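Overview (structure and organization)
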Amino acid sequence: MSVHGTKPQFLFSAPLRRRIYASPFWQDHASGVRNIEALVDEALLLKCFGGTYGGTNKPSNFLCLIFKMLLLNPDKLLILEFINNKDFKYIRLLGAFYLRLTGQPLEIYCHLEPLYEDFRKVRMMNQWGSVENTNVDEFVDQLLLRDVVLDVTLPHLPKRGHLQNQGLLEPRRSQLLLDTLLELDSSEKEDQNTRRPRKRSRIENDQQDDSSSPESHTQTSTSSSSEPERRSRSRSRGPSSNS
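Remember, predicted model here, so these are calculated numbers, not experimental data.

What follows deals with the overall build of the protein. Helix and strand content of the protein: twelve helices and seven strands. Across the protein, every contact between residues at least 6 apart in sequence was considered, and the portion connecting residues at least 24 apart equals 62%. Counting every atom, the protein has about 16000 Å² of accessible surface; 50% of that belongs to carbon and sulfur.

This is the structure:
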């Protein structure tokens, strides 16, 4: 079966293939793998991923397993199971890299972009053979944007914007962005509820109505003026004298 017009193993350059065949990991482990189940057993032992390293460009165990997958040519559903595996990070990375090598543009974007939400740390072996930390989403970003990843030249992948302009892809929506927008919306609603004037109780309304009614003003003025009038009348009457 051909992939992109060639045999799958030829997606790796001839020098890289020779280095893989000569590597101790290939000779002692990967060469004996006969099916995808046995490959998974080897993948579970991975402690890091990487391309080639050292002065002689030794291939990493991860790269050897990718090459073995090209020889086994597993069913696409199995590769999607690798990608959707949330328990084992390096199995997910194996599936992502293999799909980027062998898949079509639409399925690559469809199945790899969700991995942008995977922020878990992974260990990557650099070209000097030392291990450094990176994240799953950063590796996925390299697969979608770069032409060479882990010292392997990847098949051409059209830009996402080009496929989107053709109507082949919907605009990508980041789950992180959606969560941020939801948080902002809930915060705005809380602020609006805080600024909303307090609703007066029925007792407060009744008290205000009583104080503002005309009758209450009349009663108040009457009561305030009655006292001086009583005093004036009492002076005018005074004590009566005997004639």
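Anyway, onward from the coordinates.
Moving on, we come to the packing of aromatic side chains. Per the counting criterion, the structure on display carries eight aromatic pairs. Between the aromatic rings of Tyr21 and Phe67, the centroid separation amounts to 5.5 Å while the plane-to-plane angle is 80 degrees, which identifies the pairing as edge-to-face. Taken as a pair, Tyr21 in helix H1 (residues 14-22) and Phe67 in helix H4 (residues 61-72) lie far apart in primary sequence, 46 residues in all. Ring geometry for Trp26 versus Phe67: centroids 5.6 Å apart, planes at 55 degrees, classification tilted. You can see Trp26 sitting in helix H2 (residues 24-28) and its partner Phe67 sitting in helix H4, a full 41 residues away along the chain. Each member of the pair, Trp26 as well as Phe67, carries the same accessibility label: buried.

Moving on, we get to the nonpolar core. Soluble, globular proteins show a tendency: their nonpolar side chains are buried together. Of all hydrophobic cores here, the largest spans 54 residues; its most connected members are Phe12, Phe49, Leu94, Phe97, Leu101 and Leu112. Ranked by the residues each element gives to this core, the list is headed by helix H6 (residues 89-102), at nine residues. In this structure, Leu94 is in contact with Ala43, Leu46, Phe62, Leu65, Ile66, Met69 and Phe82, ignoring residues within four places of it in sequence.

With five bridges connecting them, strand S4 (residues 121-125) and strand S5 (residues 131-135) associate as antiparallel partners. Counterpart to Met124 in the pairing with S5 is Glu132. Between the antiparallel neighbours S4 and S5 lie five residues, among them Gly129 with a positive phi of about 90 degrees.

What follows concerns the pattern of salt bridges. With the rule as written, the count across this model stands at four salt bridges. Two residues, Arg120 and Asp118, come together in a salt bridge whose shortest N-O distance is 2.8 Å. The class for Arg120 is partly exposed, based on a relative accessible area of 27%. Within this structure, Arg92, Asp118 and Arg120 form a network of salt bridges that share partners.

Let us look at the sheet that holds S5. Spatial strand order, S1-S4-S5: three strands in an open sheet with mixed pairing. On the outer flanks of this sheet lie strand S1 (49-50) and S5, each paired with one strand and no other.

Here S1 runs beside S4; their pairing, made up of two bridges, is parallel. If you follow Gly50 over to S4, its bridge partner there is Met125.

Further remarks concern the packing of helix H5 (residues 76-83) against H6. It is the contact of H5 with H6, at a shortest axis distance of 7 Å, that shows an interaxial angle of 135 degrees. Relative to H6, the element H5 lies oblique. Two packed elements cross with a definite hand, and for H5 against H6 that hand is left-handed. Contact residues: Lys76, Ile79, Phe82 and Ile83 in H5; Ile91, Arg92, Leu94, Gly95, Ala96, Tyr98 and Leu99 in H6. In terms of residue class, the contact of H5 with H6 is built from eight nonpolar, one polar and two charged.

Basis of the calculations
Residues numbered from 1 in each chain as written. Predicted model: local features only at pLDDT ≥ 70, side-chain atom pairs only at ≥ 80, totals over all residues. Heavy atoms only, no water. Helix = DSSP H or I, 4+ residues; strand = E, 2+ residues; numbered from the N terminus. Contact = heavy atoms within 4.5 Å. Areas by Shrake-Rupley, 256 points an atom, 1.4 Å probe, with all protein chains shown as cover. Phe/Tyr/Trp six-rings, centres within 6.5 Å; stacked < 30°, edge-to-face > 60°. Buried < 20%, exposed > 50% of the residue type's maximum accessible area, 1.4 Å probe, protein only. Core = buried A, V, L, I, M, F, W, Y, C linked by side-chain atoms within 4.5 Å. Pairing = 2+ DSSP bridges. Salt bridge = Lys/Arg side-chain N within 4 Å of Asp/Glu carboxyl O. Axes fitted to C-alpha atoms, helices over the stretch in contact; angles between N-to-C directions. Parallel < 35°, antiparallel > 145°, perpendicular 65-115°, else oblique. Left-handed = near helix turned anticlockwise from the far one by under 90°. Nonpolar A, V, L, I, M, F, W, Y, C, P; charged D, E, K, R; others polar.

Bear in mind that shape data such as this cannot, by itself, settle questions of function.
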